[in-house]
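# Reading the structure
Chain by chain, the residues:
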Amino acid sequence: MKQEENIIVGISVGDLNGIGGEIILKTFKDERFLDFCTPVIFASAKAMTFFKSHFNSQINFNIINNISQLAHNKVNVLNCWNEPVKIDFGKEDIKIGAFAIKSLEAATKALKENDIHVLVTAPINKHNIQSEDFKFPGHTDYLAQELEGESLMFMITDTLRVGLLTDHVPVKDISTHITPELIEKKINTVYNSLKKDFNIQRPKIAVLGINPHTGDNGVIGSEDDDVLRPTLHKIKETGKLVYGPYAADSFFGSNNYKNFDAIIASYHDQGLIPFKTLSFGQGVNYTAGLNKVRTSPDHGTAYEIAGKGIADENSFKEAVFSAIKIYKNRTSYEQLTSNPLKKAPRKVHR
C-alpha cells in the first residue's frame, strides 16, 4: 500500500491527566504503524510536546493546523487549541474535561467530513466532561447523536465479541428497558455488524437471560419467559441463528461462548465482567451500528498510575488495529453488495 493510500486514523486525546497521552505515544513509537496507517492526534502541540518530554519519547511529530497539512509518514498532531494547559496527572479537573471535549468534537467533525477514515478515542472522565453544552454519559451516546445509525456497545477481541441490550442503565431499571422492540433492534445491529464488519456470513448469536437461571420458570422473575423467549423465537423464524436465553452464571465458565460469533448480554456488568476477565487487557470497545468506525481501549483514565510510565498500551494498540480491520471489511462488503453481478439471461435451447 502506498502511504498516500494509508487509512487515516483520527485520535481524540481523552483526559490529559489520565494515561491517554502515554498509551498514544507508546503505541506509535513503533514506526511500522506508519506503513499502513496515518495517525492524526487531535490535541495541541504544547500538550503533546509535554507528554513527549515527560515520557522521554523519541517520536517526531508533524504539527498541523489543518488536515490538509497532514503527512503520511509522520505522527500528526492537529492543533485544536493554542492556550497552555496545566497537566496534573491523576487529578480530576473540569478544565481538563473541557479540553477532552474539544478534542472529541474536532475529531468527530473530521470523521463526519471524511477527513479521517476511522476514530480511536482515548479514555475520558465521564464526570468532568459534563457542561451546559455537553450532557452525554460518554463517547457512545455523543457519537450516536452525531453520526447515522443505531449505536451499540460491542466489546471485541479476536475470539470474543460481547454486545449489550442495555448499557449505562441503573440495575433497578434494566427489566423495564428490555422490550421486544429493543431486543430486535440490538440483535439486528449485532447481526449486521458481524456480516459487514467481521466478514461472518452466517453469524451465530447467543443471548443471555435477564434473571438468574433465566427466571427458573417464573420463580425468579417472569421477564425471560414473557419478553425474551418469545422475541427470540420470532427472530429465529426470520432465519437468523439466534439462541437463548442462556443462564449467565455458567455460560462463560463452561466455555459455551466459544460456540458463538457473538454474545448479547442483558445488561452492562453481565457482559463486561466476563469480557474483561477473559480479554486480559486486550479488549476493544467498538461502537457498532453507526455509519462510521469508532473504537477505544476497554479501560478508563487510570488516574492511579497516570504519569508513572507504567500504563499498558496493548488495548489501545488493539483498538487501532481493530478500527483499521473493520474499516477494510466494511469497505469490501459495501463494494460487493452495492454492485451485485447481474444474472446472465438463461439461454433457450431449441
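Preceding block: the structure.
Fair warning: this is a prediction, and the values are worked out from it, not measured in the lab. (Residues numbered from 1 in each chain as written. Predicted model: local features only at pLDDT ≥ 70, side-chain atom pairs only at ≥ 80, totals over all residues. Heavy atoms only, no water.)

### Things to note about the pairing of strand 1 (residues 7-12)
The buried fraction of strand 1 amounts to six of the six residues, a majority that puts the element mostly inside the structure. Of the two faces of strand 1, both are covered, the one formed by I7, V9 and I11 as well as the one formed by I8, G10 and S12. Alignment of strand 1 against strand 2 (residues 37-43), held across six bridges, turns out to be parallel. Of the residues in strand 2, the one forming a bridge with G10 is V40. (Buried < 20%, exposed > 50% of the residue type's maximum accessible area, 1.4 Å probe, protein only. Helix = DSSP H or I, 4+ residues; strand = E, 2+ residues; numbered from the N terminus. Pairing = 2+ DSSP bridges.)

### Structural notes on the nonpolar core
The biggest cluster of nonpolar side chains holds 69 residues, and the ones touching the most others in it are L16, F28, I41, M48, F154, I183 and F316. Counting residues per element, this core draws most heavily on helix 6 (residues 180-198), which supplies seven residues. Other than its neighbours up to four places away in sequence, F154 contacts R161, V162, G163, V190, S193, L194, F198, A262, V284, N285, Y286 and A288. If you look at the next biggest cluster of nonpolar residues, it comprises 22 residues, including V40, A100, A110 and Y142. (Core = buried A, V, L, I, M, F, W, Y, C linked by side-chain atoms within 4.5 Å. Contact = heavy atoms within 4.5 Å.)

### Here we look at the pattern of salt bridges
Two side chains bearing opposite charge may form a pair once their charged atoms approach each other closely. As enumerated under the stated definition, the model contains twelve salt bridges in all. Note that K86 is salt-bridged to D88, the shortest N-O span being 4.0 Å. With a relative accessible area of 64%, K86 lands in the exposed category. (Salt bridge = Lys/Arg side-chain N within 4 Å of Asp/Glu carboxyl O.)

### Things to note about the environment of N217
For N217, the location among the structural elements is in the loop between strand 8 (204-208) and helix 7 (223-236). Given the relative accessible area of 75%, N217 is considered exposed.

### Things to note about the side chain of T295
Looking at where T295 falls in the secondary structure, it is placed in strand 12 (residues 293-297). Exposure remark for T295: the relative accessible area of 0% places this residue in the buried category. A polar side-chain atom of T295 sits 2.8 Å from the main-chain carbonyl oxygen of A319. The contact partners of T295, leaving out residues within four places of it in the chain, are L119, V120, T121, V284, N285, Y286, A319, V320, S322 and A323. (Polar contact = N/O pair within 3.5 Å; in protein donor to acceptor, adjacent residues only side chain to side chain.)

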